[in-house]
Structures are given as structure tokens and as C-alpha cells.
Amino acid sequence: MSRTYEVRTYGCQMNVHDSERLSGLLEDAGYLSVPEGEQADVVVFNTCAVRENADNKLYGNLGHLAPVKARTPGMQIAVGGCLAQKDRDTITRKAPWVDVVFGTHNIGSLPVLLERARVAEEAQVEILESLEVFPSTLPTRRESPYAAWVSVSVGCNNTCTFCIVPSLRGKEKDRRPGEILAEIEALVAEGVSEITLLGQNVNAYGVEFGDRQAFSRLLRACGDIAGLERVRFTSPHPAEFTDDVIAAMAETPNVMPSLHMPLQSGSDKVLRAMRRSYRSTKFLGIISKVRQAIPDAAITTDIIVGFPGETEEDFAETLRVVRESRFSSAFTFQYSKRPGTPAATLTDQVAPEVVADRYARLTELVNEIAWAENRAQEGRVLDVMVAEGEGRKDAATRRLSGRAPDNRLVHFASPAAEVRPGDVVTVRVSRGAPHYLEADGDALAVRRTRSGDAWQARQAAPASTGVSLGMPTIGTPPPLPAAPACSAS
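Residues numbered from 1 in each chain as written. Predicted model: local features only at pLDDT ≥ 70, side-chain atom pairs only at ≥ 80, totals over all residues. Heavy atoms only, no water.

## Digging into the overall build of the chain
Counting its secondary structure elements, the chain contains 15 helices and 22 strands. A compact globule built from 489 residues would reach a C-alpha radius of gyration of about 23 Å, and the chain, at 22 Å, matches this within 12%. In terms of overall dimensions, the chain has C-alpha extents of about 60 × 60 × 45 Å along its principal axes. Residues classed as buried in the chain amount to 58% of the 489 residues present. Considering only contacts in the chain between residues 6 or more positions apart, those separated by 24 or more positions represent 76%. Here the chain has roughly 19700 Å² of accessible surface; of this, 51% comes from carbon and sulfur atoms. In the chain, which carries 55 positive and 62 negative side-chain charges, the distance between the mean positions of the two groups comes to 2 Å. (Helix = DSSP H or I, 4+ residues; strand = E, 2+ residues; numbered from the N terminus. Rg over C-alpha atoms; globule rule 2.2 N^0.38 Å. Buried < 20%, exposed > 50% of the residue type's maximum accessible area, 1.4 Å probe, protein only. Contact = heavy atoms within 4.5 Å. Areas by Shrake-Rupley, 256 points an atom, 1.4 Å probe, with all protein chains shown as cover. Lys, Arg positive; Asp, Glu negative; His and termini not counted. Charge placed at Lys NZ, Arg CZ, Asp CG, Glu CD.)

Next comes the structure, spelled out in C-alpha cells:
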């Protein structure tokens with residue numbers, strides 16, 4: 001009988017995409033996705049090292065599996081990802097029942113390492129210091145038949161003092177444009193109609209082969225792919241966000257009017273301490289240019305509160321930039337020490353109660369602005385791509401859910417016609433809620449798509465999922481970054 005597997009993923013979109021590769025590798029090696037409710041023969045943890053308590057979460061989960069493994073002959077446990085790259089020497093010491101430890105640079109080695117561990121009956125640890133094989137060349141088991149991640153690069157050349165990613169993912173490595181476009185074309189041929197271009201610092205794409213306008217050229221090239229309806233990207237860096245990218249966004253019809261632009265702080269002093277190579281004036285200038293070129297753009301951001309040395313005056317600057325930027329939503333974080341980062345050793349750490357107070361005030365302002373921005377959408381007619389699993393209360397409310405072109409989540413009344421994930425429904429917004437839009441009137445139009453056909457075909461030959469996501473939950477690619485602070489952007 002074929003052995004079964006499960007991949008548990010924590011962290012950012014890069015990890016989610018890597019997990020799709022891990023699943024593809026295991027299935028290529030003959031493993032089967034574990035049926036829901038059953039115990040897998042192989043459990044893979046794809047870890048994140050961003051949070052201060054990431055290791056506690058991992059070892060807690062490993063501890064829960066120890067007795068399960070003890071009573072399950074042949075069961076194997078593997079740990080990969082950023083925490084494995086960082087704590088290579090301690091995982092098997094703290095959890096000796098782990099069979100395989102592998103890093104961010106050699107995810108393609110997982111099937112071989114599992115087999116070695118099984119034959120040798122001892123743990124296999126393989127951590128490489130540089131990329132062995134670009135992940136996009138590996139087999140993939142994609143979670144969504146209608147939306148997909150496409151990596152343009154891995155690694156990052158920035159040195160932000162709060163971020164550990166460059167030391168774990170390495171220097172930026174870029175794919176050639178032809179390889180990226182070939183992958184997108186293949187995905188479209190399979191029924192995918194939305195892709196998200198993915199990189200730790202996506203708009204720095206091209207640095208490795210010396211083309212400063214490579215990313216804008218790539219966006220424009222995506223516009224020439226027949227059947228590709230929606231293009232998104234994440235995450236850019238303000239310091240390298242150039243006018244040619246704004247022009248490409250505005251002039252390429254299938255590039256969506258949504259932008260995730262990490263602020264991190266509105267204080268120039270704090271940005272300097274973070275080694276963020278831009279200042280608040282430049283950031284606001286980018287926002288202004290984007291809005292001039294793309295008036296309907298929804299702009300989201302990341303903000304860290306309580307970075308070492310942050311004063312009340314610095315925090316006030318962050319509030320000022322938030323007010324001026326009018327973000328449609330923001331991922332806000334209370335600063336916590338990331339072991340291995342320069343900021344963790346700074347002596348002027350902000351008191352936890354001060355951080356908590358500032359976080360509460362920032363969250364209140366962010367929510368107030370986001371709600372006002374959503375109310376401004378009332379009455380607009382939107383084409384919503386139906387999503388799977390994004391509306392947790394859909395069954396109770398008799399609604400469906402999906403994403404508008406600007407990436408806002410829309411809950412809408414179920415149309416009389418059959419609608420499938422990947423299809424497009426045209427609706428009129430009836431209410432702007434704090435975190436989503438509602439459209440409770442009759443659908444104005446329903447368009448069945450090739451993506452909906454692909455989803456229906458997958459249902460005809462069901463296979464249980466092999467990738468279960470840890471916190472934070474991430475669904476299909478359209479949602480915005482759920483853990484953006486783990487990217488260098």
C-alpha cells in the first residue's frame with residue numbers, strides 16, 4: 001500500500017508555495033495525500049522563524065506527535081523551512097523522534113532523506129547554505145485549480161534589522177523571464193485564471209541579471225497571455241518601487257488594482273534604525289502616484305509598533321502616515337525580538353505595556369479608515385471571482401464569497417444560476433463592513449469560466465488535501481499576505 005503524507009505549513013506565502021512543492025515531490029515519489037481524519041504515515045512541518053515563540057510552537061506540536069509515532073509503526077516526521085535552517089543542530093536533540101531535518105535551500109531532497117532515514121533507522125539532517133535547485137523546477141501539487149502562486153525570485157539582498165529572512169533564505173536569486181512566463185502559460189492551459197507573482201522583494205526582480213525594469217516588463221508580458229484574467233504580486237519594497245512599475249500596473253488590463261506596500265513605520269528615525277532605505281516622504285509619494293494612475297487601487301500595508309527606541313513622537317508620525325495613506329487594510333504587529341536579528345540586541349527596548357497601548361491605538365485608527373474606505377465602495381458594481389473556503393459563515397448566511405479586482409473580500413447573495421469557484425459573478429455592493437463588502441441584491445451577471453470548469457473537474461475525481469495550514473490561515477492566493485513581516489519587504 002502507498003504511504004500517506006500531510007504537510008503542515010506556518011508563515012508567509014513563500015512557505016505556502018514551498019509546501020505545494022513538497023506535496024508535489026511526495027506525490028511524485030508515490031505518496032498519497034492523507035484522507036481527512038486519518039493519521040498520515042509521514043508528517044512534514046514547514047516552519048517559520050519570524051515569531052519569537054516559533055520554536056515553542058514547533059516543539060509543542062512535535063511533542064503531541066511523539067506518542068502517536070510511538071504507537072504507529074513506520075511513521076516518520078520531517079521538519080523543514082526557516083526554523084529548520086536556523087536551528088539545524090537542536091531539533092533532533094530536543095525532539096529525537098524526528099526523522100528528517102531539511103532547510104530552505106534543499107526542499108527537493110525530502111523524499112530521498114525520508115528513504116535514507118527509513119533504511120538507516122536514524123535521523124537525517126541536511127542543511128545547505130545556498131540554493132540547490134530553484135523550487136519552481138520541482139513537481140507541484142497546487143491547492144487551487146483557479147489561482148496559483150508563481151515565484152519570480154527567492155531570497156533577499158536587504159538587511160532590515162528586524163528580519164531574519166535573508167540569513168535563512170539567502171541572497172536574491174532570480175528566475176529568467178522566459179521560465180516564469182512558460183510556467184504561467186502552462187497554468188493557464190490547466191484552467192488557472194489568476195496568478196500571484198511571489199518574491200521576498202518582488203520589485204527588485206532582475207537585479208541578478210542587471211535589468212532594472214525587469215519587473216515592469218514581466219507585468220506587461222503577463223498582459224499578453226490569453227486566458228490570464230488577473231495578475232497580482234507580493235511583496236514589493238518602497239525603496240525600489242519605481243515609476244515604470246506603476247505605469248505597467250495602470251496600462252496592463254489584467255494587472256489588478258491592488259497593492260501591498262509595507263510601511264513598517266512612519267518615523268524616519270525608526271526607519272533608519274530598521275535599515276529601511278526610504279523615508280516617509282518617499283512612501284507617501286509612491287502612494288500618491290499610484291492613486292493618480294490607478295484611482296480605484298486598494299492599498300494595504302504592514303506596520304510594526306514598538307520597535308526599539310520608538311518614542312511617542314515616532315509613533316505619532318506612524319499615525320500621521322496612516323491617516324494620509326488611507327489604507328484599505330493593514331497587518332499590524334507588536335514588535336517582538338527575533339533571535340538572530342540585529343534589533344534583538346538593541347538596549348532601548350520599549351516596555352510591553354507601552355507597545356500594547358500603541359498597538360491598540362494604531363489598530364483603532366486602521367480599522368476606522370478601512371471601514372470608511374469600504375463604505376465608499378457602496379453602490380459600486382464589481383466582478384467577483386468566486387473563492388473556495390473564504391466565507392466561513394456562508395452556509396449560515398446563504399451567501400457565496402470571492403475577491404473583487406482590488407482584492408477586497410466580498411460576500412454576496414447566491415445567484416439562481418449554478419456558480420463554481422473560479423467563476424465570475426457581477427454584483428452591486430450594498431454594504432461596506434469593517435473587513436469586507438456585502439452584496440445582498442440579485443447578481444447582475446454570472447460568467448462561467450475555464451477556471452470553474454477546472455474546479456468542477458477536480459471535484460469529479462476528489463483527492464483529500466495534503467497541505468494543512470497552521471496559523472495564520474491562508475487560503476487560495478488572492479488573499480493578502482498573512483504573515484508579511486517574515487518577508488524582507
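## Observations regarding the packing of helix α7 (residues 177-189) against helix α8 (residues 214-222)
The contact between α7 and α8 brings their axes to 11 Å, and the two run at 25°. Judged on the interaxial angle alone, α8 and α7 are roughly parallel. The two elements α7 and α8 cross, and the hand of that crossing is right-handed. Along its contact with α7, which presents Ile-180, Leu-181 and Ile-184, the element α8 presents Leu-218, Ala-221 and Cys-222. In terms of residue class, the contact of α7 with α8 is made up of 6 nonpolar, no polar and no charged. (Axes fitted to C-alpha atoms, helices over the stretch in contact; angles between N-to-C directions. Parallel < 35°, antiparallel > 145°, perpendicular 65-115°, else oblique. Left-handed = near helix turned anticlockwise from the far one by under 90°. Nonpolar A, V, L, I, M, F, W, Y, C, P; charged D, E, K, R; others polar.)

## Overview of the nonpolar core
Membership of the largest hydrophobic core comes to 53 residues, with the highest contact counts inside it found for Ile-184, Leu-197, Leu-219 and Phe-241. For Phe-241, the contacting residues outside a window of four places in its chain are Asn-203, Phe-233, Pro-236, Ile-246, Met-249, Leu-259, Met-261, Ile-286 and Val-290. Counting residues in hydrophobic clusters, the runner-up holds 26 residues, among them Val-43, Phe-45, Cys-48 and Leu-62. (Core = buried A, V, L, I, M, F, W, Y, C linked by side-chain atoms within 4.5 Å.)

## Comments concerning the pairing of strand β10 (residues 194-198)
A large share of β10 lies buried, amounting to 5 of its 5 residues. What you see with β10 is no split at all: Glu-194, Thr-196 and Leu-198 on one side and Ile-195 and Leu-197 on the other are buried throughout. One ladder, built from 5 bridges, connects strand β7 (residues 147-151) with β10; its direction is parallel. Each bridged residue has a counterpart across the sheet, and for Ala-148 the counterpart in β10 is Ile-195. In this sheet, strand β11 (residues 230-234) lies alongside β10 in parallel orientation, the contact comprising 5 bridges. Each bridged residue has a counterpart across the sheet, and for Ile-195 the counterpart in β11 is Val-231. In this region the chain leaves β10, passes through α8 and returns to the parallel neighbour β11; the handedness of that crossover is right-handed. (Pairing = 2+ DSSP bridges. Right-handed = clockwise from strand over helix to strand, strands pointing away.)

## Description of the side chain of His-17
Secondary-structure assignment places His-17 in helix α1 (residues 13-28). A polar side-chain atom of His-17 sits 3.1 Å from a polar atom in the side chain of Arg-21. (Polar contact = N/O pair within 3.5 Å; in protein donor to acceptor, adjacent residues only side chain to side chain.)

## Considering the sheet that holds strand β16 (residues 399-403)
Remark on secondary structure: sheet strands pair via backbone hydrogen bonds, oriented parallel or antiparallel. Spatially, 7 strands are ordered β19-β20-β17-β16-β15-β18-β21 in an open sheet, and the strand pairing comes out mixed. Since the sheet does not close on itself, it has two edges, and those belong to β19 (431-432) and β21 (445-447), each with one partner. Examined bridge by bridge, β16 and strand β17 (residues 409-413) share 5 bridges and lie antiparallel to one another. Bridge pairing in β17 places Ser-401 opposite His-411.

## Digging into the packing of aromatic side chains
Using the criterion set out here, one finds 5 aromatic pairs in the structure. Aromatic side chains Phe-283 and Phe-327 sit 6.2 Å apart centroid to centroid with 65° between the ring planes, which places their arrangement in the edge-to-face category. Of the two residues, Phe-283 sits in helix α11 (residues 280-293) while Phe-327 sits in the loop between α12 (312-325) and β14 (329-334), which places them 44 residues apart along the sequence. For Phe-283, a relative accessible area of 0% corresponds to the buried category. Geometrically, the ring pair formed by Phe-307 and Tyr-335 is edge-to-face, given 5.4 Å between the ring centres and 70° between the ring planes. Pair noted here: Phe-307 is in the loop between β13 (298-305) and α12 and Tyr-335 is in the loop between β14 and α13 (352-375), with a separation of 28 residues, a long-range link. You can call Tyr-335 buried: its relative accessible area is 10%. Taken together, Tyr-278, Phe-283 and Phe-327 form an aromatic cluster joined through their ring pairs. The ring of Phe-209 has Arg-176 lying over it, and the distance from NZ or CZ to the ring centre is 4.4 Å. (Phe/Tyr/Trp six-rings, centres within 6.5 Å; stacked < 30°, edge-to-face > 60°. Lys NZ or Arg CZ within 6 Å of the ring centre and 35° of its normal.)

Honestly, it's all geometry; don't read function into it.
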